[in-house]
Amino acid sequence: MDVRIPHADLFEAIADLKKARNAIILAHYYQEADIQDVADYVGDSLGLSQQAAATDADVIVFAGVHFMAETAKILSPHKTVVLPDLEAGCSLADACPADRFQAFIDAHPGHKVISYVNCSAAVKALSDVICTSSNAADMVRLFPADQPLIFAPDKNLGAYVQRETGREMVLWPGTCQVHEIFSEKKLVQLKVRHPEAAVIAHPECEPHVLQHADHIGSTAQLLSFVVNDPRPTFIVVTEAGILHQMQKAAPHKLLIPAPPEGNCACNECPHMRRNTLEKLYLALLNLRPAIEVPEAVRVAALKPLARMLARDLAAA
Ligand code: 13P
Ligand code: SF4
């Protein structure tokens, strides 16, 4: 089969190329619906990392943002990892450069470092353990109660984990540009209009928004809440891409995306949405853009990631 002959149907072309390349497509819930529909696995950051570590495919097409594809490369260095758009970044990762983070750590001697997976490989390499939004409180609890901790780079997730665990931590002052934009005023208006609804929110949201939530969790945890909770209506306070899987899994439930401030489409992550089905096809065809991580950084970043996956600080 000549995989370079363009097909009329992009879905078919991607399926053929995937077979020819022995590739797997991993997609985050915030990707556009078509990308979710061609993916072999759609998941949250933790699930995607676990899949990237376990796959026996030769090529991983990572439909997500740069730090996610980089994490896949750290975990599976001998595989080709491609990201449909190399510019798909993240406001959290971008606002925490490794040199400034090193200075921050130096200014807090005796502290252990927990970094949210939304950071660069170089920042992971400076960390003791990585967490995702689904396991952040559990990772904090791995440390003895008297161990001083730094939590980076999301101050909203960090503050949420502080409330959950009762642990004081030094927080790096980063935020997600999507989750900090939800309007508390409009959320309360929606709640009043839909008293039957459950409000579900991602912990990257600001505390004044999270205080109105009936359930807080990672994207995968929010999805399973919608499936399992008996309520008919859900106000969803996270990036709107997740509604695609929620609606598929719970077709009879009413899902209302929480509105951002102003009239923008700011509840869509501009980084995630850089990826398109066409760019995914080209990435599979050309095996570019490929993710590379310098070996010394990769080896150092692997240790805190392995501790997270093993849920054990002694691992790695
Ligand atoms: P989770 O999928 O882990 O909930 O993370 C959300 C996110 O913002 C990823 O960028
Ligand atoms: Fe980063 Fe926020 Fe986009 Fe997730 S939604 S990739 S945290 S900017």
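What this report covers is the structure whose coordinates are included nearby. (Residues numbered from 1 in each chain as written. Chains lettered and ligands numbered in written order. Predicted model: local features only at pLDDT ≥ 70, side-chain atom pairs only at ≥ 80, totals over all residues. Heavy atoms only, no water.)

## A few points about the environment of histidine 78
Mapped onto the secondary structure, histidine 78 falls in the loop between helix 4 (66–75) and strand 4 (80–82). Residue classification places histidine 78 among the exposed positions, given a relative accessible area of 82%. Linking histidine 78 and leucine 187, residues 109 residues apart in sequence, is a C-alpha distance of 46 Å. (Helix = DSSP H or I, 4+ residues; strand = E, 2+ residues; numbered from the N terminus. Buried < 20%, exposed > 50% of the residue type's maximum accessible area, 1.4 Å probe, protein only.)

## What about unusual backbone geometry?
The amide bond that connects alanine 152 to the next residue, proline 153, takes the cis arrangement and shows omega of -10°. In this structure, proline 153 sits in the loop between strand 7 (149–152) and helix 9 (155–165). The step from arginine 288 to proline 289 runs through a cis peptide bond, and the omega angle for that step is -5°. With respect to the helices and strands, the residue proline 289 is situated in the loop between helix 14 (277–286) and helix 15 (295–310). The phi angle at leucine 287 is positive, at roughly 55°, despite the residue not being glycine. Along the chain, leucine 287 falls in the loop between helix 14 and helix 15.

## Comments concerning the state of the cysteines
Disulfides are covalent bonds that link the sulfur atoms of two cysteine residues. This structure, assessed with the given rule, holds one disulfide. Cysteine 264 shares a disulfide with cysteine 266; S-S distance 1.7 Å. Residues cysteine 264 and cysteine 266 are joined through a disulfide that is left-handed, its torsion about the S-S bond being -130°. (Disulfide = S-S within 2.5 Å.)

## Digging into the site of ligand 1
In the vicinity of ligand 1 lie 14 residues, with His28, Ser45, Ser133, His202 and Thr219 positioned nearest. Contacts to ligand 1 include histidine 202, whose side-chain N or O atom sits 2.7 Å from an oxygen atom. Separating an oxygen atom of ligand 1 from a side-chain N or O atom of glutamate 204 is a distance of 3.1 Å. Here ligand 1, which alone exposes 300 Å², has 96% of that area covered by the protein. (Near = heavy atom within 4 Å. Polar contact = N/O pair within 3.5 Å; in protein donor to acceptor, adjacent residues only side chain to side chain. Areas by Shrake-Rupley, 256 points an atom, 1.4 Å probe, with all protein chains shown as cover.)

## As for the sheet that holds strand 2 (residues 41–43)
Sheet architecture is open: four strands sit in the order 2-1-3-4, paired in parallel fashion. Looking at the sheet topology across the chains shown, the edges are occupied by strand 2 and strand 4. With direction set aside, neighbouring strand axes in the sheet form an average angle of 20°. One ladder, built from five bridges, connects strand 1 (residues 23–28) with strand 3 (residues 59–63); its direction is parallel. Each bridged residue has a counterpart across the sheet, and for leucine 26 the counterpart in strand 3 is phenylalanine 62. (Pairing = 2+ DSSP bridges. Axes fitted to C-alpha atoms, helices over the stretch in contact; angles between N-to-C directions.)

## Re the environment of proline 97
Tracing the chain through its elements places proline 97 in the loop between helix 5 (91–94) and helix 6 (98–106). Apart from the residues lying within four places of it in its own chain, the contact partners of proline 97 are Val123 and Trp172. (Contact = heavy atoms within 4.5 Å.)

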